[in-house]
Amino acid sequence: MASALLTLRSLSIPLLRVSLGVVFVWFGALKITGTTPVADLVAGTVPWLEPTALVVGLGLTEVVLGIAMVIGRQVKWVALLVAAHLCGTFLTLVVQPSVAFQTGNPLLLTMTGEFVVKNLVLLTAALVVMAAAVAPVEADRR
């Protein structure tokens, strides 16, 4: 059992880093190719920017960050940028509350609201990856 836990500890952060990277590449690629279902949501959240350029620009950013996460270079900085990007997604809750909350009630999320709020998990994953890159856990010390 102890051996399995040590193996899990040594694999979990790299798996989290790679899976976060894959999600970013995937979502970014959808934005670049114009096949993302969230283009209107993104455009409505930042209405002062040209929608197509905004969506494609975000897509390119996500692909670059995702590839960097998968490769695993400068992880603490890449994870910090991923976390910052994810913080930006919560702007939707402020700028477009009517699409995020049912009847204006912040406890009653719409499907869009759930889509945005789930980014709390991705944000936390980025913070865990960043923390592990800054101060790796030494499970063998015990």
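Residues numbered from 1 in each chain as written. Predicted model: local features only at pLDDT ≥ 70, side-chain atom pairs only at ≥ 80, totals over all residues. Heavy atoms only, no water.

The phi dihedral of Gln74 falls on the positive side, at around 50 degrees, and the residue is not glycine. Inspection of the secondary structure puts Gln74 in the loop between α3 (51–71) and α4 (75–89). Judged by relative accessible area, Gln74 falls into the exposed class, the value being 56%. Of note in the backbone geometry, Thr103 takes a positive phi value of approximately 50 degrees without being a glycine. (Helix = DSSP H or I, 4+ residues; strand = E, 2+ residues; numbered from the N terminus. Buried < 20%, exposed > 50% of the residue type's maximum accessible area, 1.4 Å probe, protein only.)

Moving on: the environment of Thr36. Topologically, Thr36 is positioned in the loop between α1 (2–32) and α2 (39–45). The class of Thr36 is buried, set by a relative accessible area of 12%. On a C-alpha basis, the gap between Thr36 and Gly59 in space is 9.5 Å, while along the polypeptide they are 23 residues apart. Those residues within four positions of Thr36 in sequence are excluded, and the remaining contacts are Leu30, Lys31 and Val55. Engagement of the side chain of Thr36 in a polar contact is seen with the backbone nitrogen of Val38, the distance being 3.2 Å. (Contact = heavy atoms within 4.5 Å. Polar contact = N/O pair within 3.5 Å; in protein donor to acceptor, adjacent residues only side chain to side chain.)

Reading fine detail from the predicted coordinates is not recommended where pLDDT is low. Chain-level statistics for the chain give a pLDDT mean of 94 and a share of 96% at 70 or above. Least confident of the elements in the chain is α1, whose mean pLDDT is 93; most confident is α3, at 98. (pLDDT = per-residue confidence, 0-100.)

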